[in-house]
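In case you want the letters, here they are:
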Amino acid sequence: MQIERYETGKRMSQAVTYGGFVFLAGQVAIDAPDASVHEQTTNILARITRLLESVGSDPTRIVSTTIWLADISRFEEMNTVWDAWVPAGHAPARATVEARLAGPEFTVEIGIIAAIGT
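In this report, we go over the structure that sits alongside the text. Just so it is clear, the model here is predicted, and its values are computed rather than measured. (Residues numbered from 1 in each chain as written. Predicted model: local features only at pLDDT ≥ 70, side-chain atom pairs only at ≥ 80, totals over all residues. Heavy atoms only, no water.)

1. Some words on helix α2 (residues 75-85)
Keep this limit in mind: For every residue, the accessible area (1.4 Å probe, protein chains only) is compared with the maximum for its type, and the residue is labelled buried under 20%, exposed over 50%, or partly exposed between those bounds. Secondary structure is summarised from DSSP: a helix means a run of H or I of at least four residues, a strand means a run of E of at least two, and numbering begins at the N terminus for each. The directions from the helix axis to the C-beta atoms form the arc being described. When checking whether two residues touch, look at their non-hydrogen atoms; a contact exists if any pair is within 4.5 Å.
By the burial criterion, the buried members of α2 are Met78, Asn79, Val81, Trp82 and Trp85. The buried residues of α2 occupy an angular sector of 165° when the element is viewed end-on, so they sit on one face. Seen from the buried face of α2, the exposed residues on the opposite side, beyond 90 degrees, are Glu76, Asp83 and Ala84. Contacts from the buried residues of α2 go to α1 (37-54), β4 (62-69) and β5 (93-98).

2. Observations concerning the nonpolar core
Heads up, the rule is: Here the nonpolar core consists of buried residues drawn from Ala, Val, Leu, Ile, Met, Phe, Trp, Tyr and Cys, with membership extended through side-chain atoms lying within 4.5 Å.
Leu24, Ile48, Leu52, Ile110 and Ile112 are the most contacted members of the largest nonpolar core, which has 25 residues in total. Among the elements of the structure, β3 (21-24), α1, β4, α2 and β6 (108-115) are those that each provide at least two residues to this core. Of all the elements, α1 adds the most residues to this core, at 6 residues. Residues within four places of Ile48 in sequence aside, it is in contact with Leu24, Gln27, Trp85, Ile110 and Ile112.

So this is what it looks like as structure tokens:
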């Protein structure tokens, strides 16, 4: 099996495929820094959808998710967006934790592992 890397930079790739799975880098709201948790989550999930589709996957194929929140008291605000995005019957295994993120302009980060194909 071959490892394939997508949107690769000096430090990381945004997606790596191997063995029928895609591993996404933690996604932050690059297009919505300093926005609300709701807006940042919406931006991140759009980025994730695009990355998944670019490698032949989609949100119904997600098997594991890790969500980092700068402030865990914003858990429900994030979940409002998440719950509307996850296809019914396709909720992945998930962990959500509070953590200091890469910069104060980011309040949410989401990492995904998903299956590729049908």
